[in-house]
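Now for the letters of each chain:
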Amino acid sequence: AQSVTQPDIHITVSEGASLELRCNYSYGATPYLFWYVQSPGQGLQLLLKYFSGDTLVQGIKGFEAEFKRSQSSFNLRKPSVHWSDAAEYFCAVDQGGKLIFGQGTELSVKP
Amino acid sequence: DTEVTQTPKHLVMGMTNKKSLKCEQHMGHRAMYWYKQKAKKPPELMFVYSYEKLSINESVPSRFSPECPNSSLLNLHLHALQPEDSALYLCASRENPQGNQPQHFGDGTRLSIL
């Protein structure tokens, strides 16, 4: 069975600083990978996805992620964080039509 | 703005009540999902409907009863719930049951059991 690990439960960054959220997966073949963001009281919004091809994918809100097969990683990055980016971030992998989620990383942004 | 609409946004019910949660999507998606999410946790899959037929039931207690009346609508009927069932219930849809398309989520129904 596939699994997803997000090693950081909570991260705090200053507004304007760069951000990297880590995600590691276990899967034999090329995975379908996703990053979702969840603001308080809301559902999950898709930030970006990776299926194949270019390993650096661009998403919404200035986010990008890089797929590294050798490290089984799909880390999310943003060059300059805004206060509105404070939220819960979930990495997920598709397993036969079912999403397997990581435990999530809560991002706090300091003024 | 979400393309998956869930109603109601909030629901408070007693343990003996019967209520229903509703989910609609008009994107022509043929797979629809119900998730349960507790605070500070990822969503947990409950049910999957593929082409309007129940394809996955993740061993959910029978007090939760899903229904898919048509390709755009998904209901979750609730009866005799327990306090531990208090959670955010999320609906999602996807273009097809298999493949590489992402799931699109609604904003959820916040359910509180008294």
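Just above sits the structure.
Quick caveat, the model's predicted, so the values are computed rather than measured.

**As for the interface of chain A and chain B**
In step 1: Listed per partner, the contact involves 21 residues of chain A and 24 residues of chain B.
In step 2: Carbon and sulfur atoms supply 55% of the area buried between chain A and chain B, which totals about 1,700 Å² over both sides.
In step 3: On the chain A side of the contact with chain B, Leu-44, Lys-98 and Phe-101 of chain A bury the most area, a combined 25% of that side's loss.
In step 4: Where chain A touches chain B, the interface holds three salt bridges.
In step 5: The residue Glu-106 of chain A makes a salt bridge to Lys-40 of chain B at a minimum N-O spacing of 3.2 Å.
In step 6: Counting across the interface, chain A meets chain B through eight residue pairs in polar contact (both at pLDDT 80 or more).
In step 7: Among the secondary structure elements, those contributing two or more residues to the side of chain A that touches chain B are β5 (33-38), β6 (44-50), β10 (87-95) and β11 (98-101) of chain A.
In step 8: Class assignment for the residues of the side of chain A that touches chain B results in nine nonpolar, eight polar and four charged.

**Things to note about the sheet that holds strand β8 (residues 73-79) of chain B**
All names here are of chain B.
In step 1: If you trace the four strands from one edge of the open sheet to the other, you get β1-β3-β8-β7, paired in antiparallel fashion. At either end of the open sheet lies a strand with only one pairing partner, and these are β1 (4-7) and β7 (64-70). The mean angle between the axes of side-by-side strands here comes to 20°, regardless of whether they run parallel or antiparallel.
In step 2: The pairing of β7 with β8 spans five bridges and is antiparallel. In the sheet register, Asn-70 faces β8, and the bridge partner there is Leu-73.

Basis of the calculations
- Residues numbered from 1 in each chain as written.
- Chains lettered and ligands numbered in written order.
- Predicted model: local features only at pLDDT ≥ 70, side-chain atom pairs only at ≥ 80, totals over all residues.
- Heavy atoms only, no water.
- Contact = heavy atoms within 4.5 Å.
- Buried area = accessible area lost by both parts, 1.4 Å probe.
- Salt bridge = Lys/Arg side-chain N within 4 Å of Asp/Glu carboxyl O.
- Polar contact = N/O pair within 3.5 Å; in protein donor to acceptor, adjacent residues only side chain to side chain.
- Helix = DSSP H or I, 4+ residues; strand = E, 2+ residues; numbered from the N terminus.
- Nonpolar A, V, L, I, M, F, W, Y, C, P; charged D, E, K, R; others polar.
- Pairing = 2+ DSSP bridges.
- Axes fitted to C-alpha atoms, helices over the stretch in contact; angles between N-to-C directions.

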